[in-house]
Amino acid sequence: MVEMIKVVDEICKKHNLTYWIDSGTLLGAIRHEGFIPWDDDADLCMPREDYDKFLALVEKELPEHLALETESVNLHKKLPWARLLYTKNFKWKFHNTGEEHMGLSIDIFPMDLVDYNTPNKKLVNILSRICSSDKPQKIKDPKALIKSLLLSVNFKKYWVKYVNDLNEKGKGEYFCYGIETSFTNSRFLFHKEDIFPLKKATFENYEFSIPNNYDKYLTNLYGDYMRIPPENERMTHCTEFEII
């Protein structure tokens, strides 16, 4: 997976795009200088403008053994954010569903610049749940019909317009995860001055971008992030991992 992060890093440098490693990957860089020993994926973030530019150009830049999965291109598992995939040689099952998947992946999340109150609004939390949901395959009952109708509306377009309007008025001071991620809430809110200017940290002997105030960023996510959790609290995504 580190090779996949390197690919994103190189593309972003080439096209002057901004990214930083996030969540467990950032925690791994600070606490372990690499992957958390029981972690099995990687997470990156990009400001929305850079994220959209990245999606528009990345497929022409990827080496043959990698593929991009998006909301409209589902090679691996349907998700409303971007994911970079290496689809060969590995087979595993998702820990809580037993679904079988091939390959390895890294998640790339859009980040939106908002004011402090936006993620606390009930409507935003409702829209986040809608935008991050899967559309029902079959309409079996009224609830599924309502869900299907709601998901046919492009709420993300209205969210992006709202965010752009905020920033035109100079009110955007906090980054939150995009409305399509299901993480758009006050727990995951980061002041822009805690992110920029980005700095570098060592991750598996390579240097990648991280938030400037990584201590505050990680404390916001995990609390006492330097504490090694007991084995029963160590979260993984996959089980029955095989090299084929």
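For the structure given in this document, a descriptive report is provided here. Here the structure is a predicted model, which is why all the values come from computation and not from measurement.

## Focus on unusual backbone geometry
No. 1: Cis rather than trans, the peptide bond between Phe196 and Pro197 has omega equal to -5°.
No. 2: As for its placement among the helices and strands, Pro197 is situated in the loop between α7 (192-195) and β8 (199-203).
No. 3: One non-glycine residue with positive phi stands out, namely Ser182, at about 75°.
No. 4: Looking at the element boundaries, Ser182 is found in the loop between β6 (174-177) and β7 (189-191).
No. 5: On the basis of relative accessibility, which here comes to 38%, the residue Ser182 falls in the partly exposed class.
No. 6: Of note, the phi angle at Asn205 is positive, near 70°, even though the residue is not glycine.
No. 7: Within the element layout of this structure, Asn205 appears in the loop between β8 and β9 (206-210).

## Some thoughts on the environment of Glu173
No. 1: Mapped onto the elements, Glu173 comes out in the loop between α6 (155-168) and β6.
No. 2: As for Glu173 and Asp112, which are separated by 61 residues in sequence, their C-alpha atoms are 9.9 Å apart.
No. 3: Those residues in contact with Glu173, other than ones at most four positions away along the chain, are Leu113, Val114, Phe190, His191 and Lys192.

## Re the side chain of Ser23
No. 1: With respect to the element layout, Ser23 can be found in helix α2 (residues 23-31).
No. 2: The contact partners of Ser23, leaving out residues within four places of it in the chain, are Asp43, Tyr177, Leu218, Leu221 and Tyr222.

## Remarks on helix α8 (residues 214-222)
No. 1: The complete set of buried residues in α8 reads Tyr217, Leu218 and Leu221. Around the axis of α8, the buried residues are gathered within 90° of arc, so they sit on the same side.

## Observations regarding the packing of aromatic side chains
No. 1: A full pass over the atoms with the stated rule returns 17 aromatic pairs.
No. 2: Between Phe109 and Phe183, the ring centres sit 5.8 Å apart and the planes meet at 75°, which makes this aromatic pair edge-to-face. Here Phe109, found in strand β5 (residues 100-114), pairs with Phe183, found in the loop between β6 and β7; they are 74 residues apart in sequence, far enough to count as distant.
No. 3: You can call Phe183 partly exposed: its relative accessible area is 26%.

## Topic: the pairing of β9
No. 1: In this sheet, β9 lies alongside β8 in antiparallel orientation, the contact comprising five bridges. Bridge pairing in β9 places Ala201 opposite Phe208.
No. 2: Counting the residues in the hairpin turn of β8 and β9 gives two residues, including Glu204, whose phi is positive at 50°.

## Some words on the packing of α2 against α8
No. 1: Here α2 crosses α8 at 125°, and the two axes come no closer than 11 Å. Our classification of the angle between α2 and α8 gives oblique. Every pair of crossing elements has a handedness; the one defined by α2 and α8 is left-handed. Across the interface between the two elements, Ser23, Gly24, Leu26, Leu27 and Ile30 from α2 touch Tyr214, Tyr217, Leu218, Leu221 and Tyr222 from α8.
No. 2: A breakdown of the residues in the contact of α2 with α8 according to their chemical character gives eight nonpolar, two polar and no charged.

## With respect to the nonpolar core
No. 1: By size, the foremost hydrophobic cluster in this structure holds 49 residues, and its most contacted members are Val8, Ile21, Phe54, Tyr177 and Tyr217.
No. 2: Examining the composition of this core, we find that seven residues originate from one element, helix α1 (residues 2-14), more than from any other.
No. 3: Not counting residues up to four positions away in its chain, the partners in contact with Phe54 are Val8, Ile11, Cys12, Leu17, Met46 and Ile108.
No. 4: With twelve residues, the next largest nonpolar core counts Ile130, Val163, Leu166 and Ile179 among its residues.

The rules behind each value
Residues numbered from 1 in each chain as written. Predicted model: local features only at pLDDT ≥ 70, side-chain atom pairs only at ≥ 80, totals over all residues. Heavy atoms only, no water. Helix = DSSP H or I, 4+ residues; strand = E, 2+ residues; numbered from the N terminus. Buried < 20%, exposed > 50% of the residue type's maximum accessible area, 1.4 Å probe, protein only. Contact = heavy atoms within 4.5 Å. Arc of directions from axis to C-beta. Phe/Tyr/Trp six-rings, centres within 6.5 Å; stacked < 30°, edge-to-face > 60°. Pairing = 2+ DSSP bridges. Axes fitted to C-alpha atoms, helices over the stretch in contact; angles between N-to-C directions. Parallel < 35°, antiparallel > 145°, perpendicular 65-115°, else oblique. Left-handed = near helix turned anticlockwise from the far one by under 90°. Nonpolar A, V, L, I, M, F, W, Y, C, P; charged D, E, K, R; others polar. Core = buried A, V, L, I, M, F, W, Y, C linked by side-chain atoms within 4.5 Å.

No statement about biological role is implied by the geometric values presented.
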